[in-house]
Amino acid sequence: MKKTSFLVTLGYLIAGAAVAPPLASQATPRISFEKYTLPNGLQVILHEDHSTPIVAINTWYHVGSGDEQPGRTGFAHLFEHIMFMGSQNVPVGMFDQWLEAAGASNNGSTTEDRTDYYEVVPSNALELALWLDADRMGFLLPTMDLPKVDLQREVVKNERRQSYDNVPYGRADETILAALYPKTHPYSWPVIGSMADLSAATLDDTKNFFRTFYAPNNATMAIVGDFDPVKVKQLVAKYFGSIPRGPAVTRRTTVPPVVVAKDTFLVLEDKVQLPRVFYTWPTVKLFAPDDAALDILAQVIANDRNSRLYKKLVYDLQVAQSVRASQESSRLTGKFQINVLPRPGQSTADIDKLVQAEISGVINNGITQRELVRAQNLYRASFLDRLASVLGKADALNSYNYFAGTPDYVQQDAARYDRVTAADVQRVAKTYLGKPKVVLTVVPEGKKDLMLTASGGGR
Amino acid sequence: MKSPLAFTIGAALLLATQSVVGAQTTVDRTKPPALGTPPKVSLPPIVTRQLPNGLKLMIVEHHELPIADFVLLVGSGGTAEPAGKMGVANLTTAMLREGTSTRKSLEIADQLAFLGVNLNAGSSWESTTLSLHTPTAQLDSALALFADVALRPSFPANEFDRIRKTRLTTLLQLKDQGPAIADIAYPAIVYGKSHPYGARLLGTEESVAGLSVADLQAYYGANFRPNNATLIVVGDVTPAQVEAKANQYFGGWQRGDVTPVSYGEPPRSGTTAIYLIDKPGAAQSSFRIASVGVPRSTRDYFALTVMNTILGGSFTSRLNNNLRETKGYTYGARSSFDMRRSAGPFIASSEIVAAKTDSALIEFMKELNSIRQSVPADELSKAKRYLQLRLPAGFETTSQIANQLVPVAMYGLPFDYYNNYVQNIESVTAADVERVARQYVNPGSLAVVIVGDRATIEPALKALNVGPISIRDMTGALVQ
């Protein structure tokens, strides 16, 4: 993320932001849209929503940390920051100043697979946002220099410190990725990158990265909200139409197979009071046939008080403080992760036995219909909530366009979860969680004896 | 998928652009396009009702999606805790979903998931909120559950024991996090023990260990009363429907006397001093530069809001622009006035790379001094436009609107508050900004709380002579 969030303090606090929900009988509405492609290859997706006088402009560049080269990890995200540093007609600092003076919010984010930039503007400022976005898409390099790179390099290093290095268990993820994936796999390093690689990035890297990936033919822009479609098409043509097409972008479509031949045990010392155990299995990519069933499995294993591991470890036995499970699927592959935080004084080895027993329970005996329906209803609910804001809809349209090949996919996406059966959940548990895994124990400094090992280990 | 219309336009564009590619002469990119007239904003009307038991209703219709948000706002929080019961408000709130007279903890969780609804509970200094986000198709089932949790919690002993252990572990884990330590320490240092804002909402390990079910029941009974509450409802509903449902589900809630909290005078700030809390090996130093601020009722609310936007309330504010976008010392820096019923804190904060701890303090002090000088017209204008023009974006979804109504209910703001907001911001002058900066930002009387690696940061901090340095622990107490 380019920014941390700024909130005007109103002097009150709502703990636990409402996430989202809906109902078993609730159909997911289709998002109507119009999609077209400029001659230079820029894909444009429009959706009108006049309920609030604002517009979201959400641009996805089809590049992420998975496109980085070894020795330059973290570059896609560093580049995201540089995109806010001004362009030929936008002096340093003015990108944000002009938007703020217009009452807009904006930000960007980077994943393994894509980089996203958005503005949410009052409807009278749509042209300003398009002009700014076009200037950085077409004319970033004329004013690009080393001081801009150096400044954001320091900001990003501080983002890494604030979000990973100075956070308990914050380095767990990069430790797991390096063990789970072969070195040549583009997901084997974290999006934030390493400090050494961030230091190594050069001005030429910046220029080459821009020329390779930041062309209209490698971008998709979703515009959602209160606008006149005839006018907005004229503005898009005016500001983006003459930006030249870049060279064809070839991106990786295959990756080395991810094979964990046998259970792999890792330990990481950290400045923490309590150990924490992370179990990770290779699974499948986004929208693969088993992806939704793995999402449901994660809910069944660790969501609320009735989920399998939570009920056993946190509710009944009270040996753990928390347990989480997730299927994390991306463009090229996916992984399933469970992590458990023991209560003070509890044995990681004992907890490990309980975790294995609960997983075996699902593999051998399956799940109940009630467990399935609860998880499905939570998913159904979340789909409705994604449609509540113009930014949520813009992001959904871009996401489906990119990952599913069409913006018109929210109903198909929701239907995936409705189709999952209890037998599917049992089958994917056996297929994926029955296989070898990577087990990381993060331990307090000097307490490596808490590490889980092949022979049990841990205390 | 292309619509025929899009195809036609795309084809026309192809012809048109072939002649201009690379030429750019047809587009003047050299200056930003003029902004048209801002959209006229009419914020939705608030309809109010009151039940015979005193429960106030605030209703806003919003029919875009078949969903509704309910926020039950109870006008008590951490400041209403009896002496020695620190954390009881927060634990009481956490226990609402752990059992009622007719539902066990696991049944509540099961029904919430089955309905696909979200029910969250949280408490702050002077308020407790229980919020429900639900599709309207199942309004009755969801409301029945919501009301049961709000009105008939049974505080089962076994669930309390579990939740308390969870809380104790949470308190232990806070010691891992520099920013959390800083957030705990600075109110204790600024307010001390004599003012409720010096307390900790989560309690301490000692206070939480000493709490009992009876304490929670007493706190609940003393504060969770309809005459101390407002039910905010926003969504695909009508006022008549809401009033009927409220009567059905909340009509039986019994009135009770609620003792108002007496705050006493906030402490007077001393001279600027550095309070250093050691976090060996910390990669960043957590800065919390604080003083006693103002209550929400201040007449200077709008002037302070504009002034703080310039100082540290937005991305392009002076603090963030200096410490992040110019110096690169941090991922972000900000300031805020946390306005409450009594004078909450003013705070400037950031996570600073350890090696630049002293340099960052110099920049902080520079900005806290210079905001007291007159602000250039364009900077003032930018801040005012930012506040005024982003208002509609805060009223997009039902949950956003419900949250916007919370301060209206909390502080008795007029119902046309948001409709007059733009004009009230517009009225703030450069002289107002300078005046409130001089009155409320006092570089000579600040508590500079820094959590970081003492061994590497203390020598340089000493050399700055910003103020005396004392070594503290996370409770704010002096360490020898």
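Residues numbered from 1 in each chain as written. Chains lettered and ligands numbered in written order. Predicted model: local features only at pLDDT ≥ 70, side-chain atom pairs only at ≥ 80, totals over all residues.

### Digging into the domain arrangement of chain B
Residue and element names in this part refer to chain B. What the domain assignment reports for chain B is domain 1 (47–250) and domain 2 (273–472). Taking only C-alpha atoms into account, the centre of domain 1 sits 29 Å from that of domain 2. Each partner contributes to the interface: domain 1 provides 27 residues, whereas domain 2 provides 30 residues. Considering each element in turn, the side of domain 1 that touches domain 2 owes the most residues, 10 residues, to helix α6 (residues 178–191). Taken together, the residues of the side of domain 1 that touches domain 2 sort by class into 18 nonpolar, 6 polar and 3 charged. (Domains from an automatic or database assignment. Contact = placed C-beta atoms within 7 Å. Helix = DSSP H or I, 4+ residues; strand = E, 2+ residues; numbered from the N terminus. Nonpolar A, V, L, I, M, F, W, Y, C, P; charged D, E, K, R; others polar.)

### Focus on the sheet that holds strand β1 (residues 47–50) of chain B
Residues and elements named next belong to chain B. Across the sheet, 6 strands lie side by side as β1-β2-β6-β3-β5-β4; this open sheet has mixed pairing. Every interior strand has two partners, whereas the edge strands, β1 and β4 (118–123), have only one. When the angles between neighbouring strand axes are averaged without regard to direction, this sheet yields 15 degrees. Relative to strand β5 (residues 128–135), β4 is paired through 6 bridges, and the arrangement is antiparallel. Within β5, the position partnered with leucine 119 by the bridge is leucine 132. Its contacts with the sheet place helix α9 (residues 239–250) against β1, β2 (56–61) and β6 (229–235), and it is angled at close to 145 degrees to β2. (Pairing = 2+ DSSP bridges. Axes fitted to C-alpha atoms, helices over the stretch in contact; angles between N-to-C directions.)

### Description of the domain arrangement of chain A
Residue and element names in this part refer to chain A. Annotation of chain A at the domain level lists domain 1 (34–240) and domain 2 (264–457). Placing a centre on the C-alpha atoms of domain 1 and another on those of domain 2 gives a separation of 29 Å. Contacts between the two partners involve 31 residues from domain 1, matched on the other side by 27 residues from domain 2. Contributing elements (two or more residues each) for the side of domain 1 that touches domain 2: β2 (43–48), β3 (54–61), β5 (115–122), α5 (172–180) and β6 (219–225). The residue inventory of the side of domain 1 that touches domain 2, partitioned by class, reads 17 nonpolar, 8 polar and 6 charged.

### What about the packing of helix α12 (residues 369–386) of chain A against helix α3 (residues 105–115) of chain B?
Viewed as axis vectors pointing N to C, α12 of chain A and α3 of chain B meet at an angle of 55 degrees, and their least axial separation amounts to 6 Å. Between α12 of chain A and α3 of chain B, the crossing angle belongs to the class labelled oblique. Residues Val373, Arg374, Asn377 and Leu378 of chain A of α12 of chain A form the contact with α3 of chain B, whose own contacting residues are Asp110, Ala113, Phe114 and Leu115 of chain B. Looking at the contact of α12 of chain A with α3 of chain B, its residues break down into 5 nonpolar, 1 polar and 2 charged. (Parallel < 35°, antiparallel > 145°, perpendicular 65-115°, else oblique.)

### Considerations on helix α9 (residues 291–301) of chain A
Residue and element names in this part refer to chain A. Counting buried residues in α9 gives 10 out of 11 residues, a clear majority hidden from the surface. Every buried residue of α9 is listed here: Ala292, Ala293, Leu294, Asp295, Ile296, Leu297, Ala298, Gln299, Val300 and Ile301. The secondary structure elements touched by the buried residues of α9 are α10 (308–316), β9 (320–329), β10 (334–342), α12, α14 (410–419) and α15 (422–433). (Buried ≥ 20, exposed ≤ 12 C-beta atoms within 10 Å, placed from the backbone.)

### Looking at the interface of chain A and chain B
Between chain A and chain B, the residue contacts involve 89 residues of the former and 103 residues of the latter. Every element with two or more residues in the side of chain A that touches chain B is listed here: β1 (34–37), α2 (94–101), β5, α3 (126–138), α4 (146–165), α8 (229–240) and α12 of chain A. Element by element, the count of residues in the side of chain A that touches chain B is highest for α4 of chain A, at 8 residues. A breakdown of the residues in the side of chain A that touches chain B according to their chemical character gives 41 nonpolar, 28 polar and 20 charged.

### Description of the pairing of β1 of chain A
All names here are of chain A. Here 4 bridges tie β1 to β2, and the two strands are oriented antiparallel to one another. Bridge pairing in β2 links glutamate 34 to leucine 46. Between β1 and β2, which follow one another and run antiparallel, lie 5 residues, and glycine 41 among them has a positive phi close to 100 degrees.

### A look at unusual backbone geometry
Unusually for a residue other than glycine, tyrosine 169 of chain A sits at a positive phi of about 65 degrees. For tyrosine 169 of chain A, a count of 20 C-beta atoms within 10 Å puts it in the buried group. Even without a glycine there, the phi angle at asparagine 465 of chain B is positive, about 60 degrees. When you line up the elements, asparagine 465 of chain B lands in the loop between α17 (454–464) and β12 (469–472). For asparagine 465 of chain B, a count of 7 C-beta atoms within 10 Å gives the class exposed.

### A look at the confidence of the model for chain B
Across chain B, pLDDT averages 93, with 95% of residues at or above 70. Long-range and interchain partners of residues 1–25 of chain B, a stretch whose pLDDT sits below 50, account for 30 contacts in this model, where long-range means more than four residues apart. (pLDDT = per-residue confidence, 0-100.)

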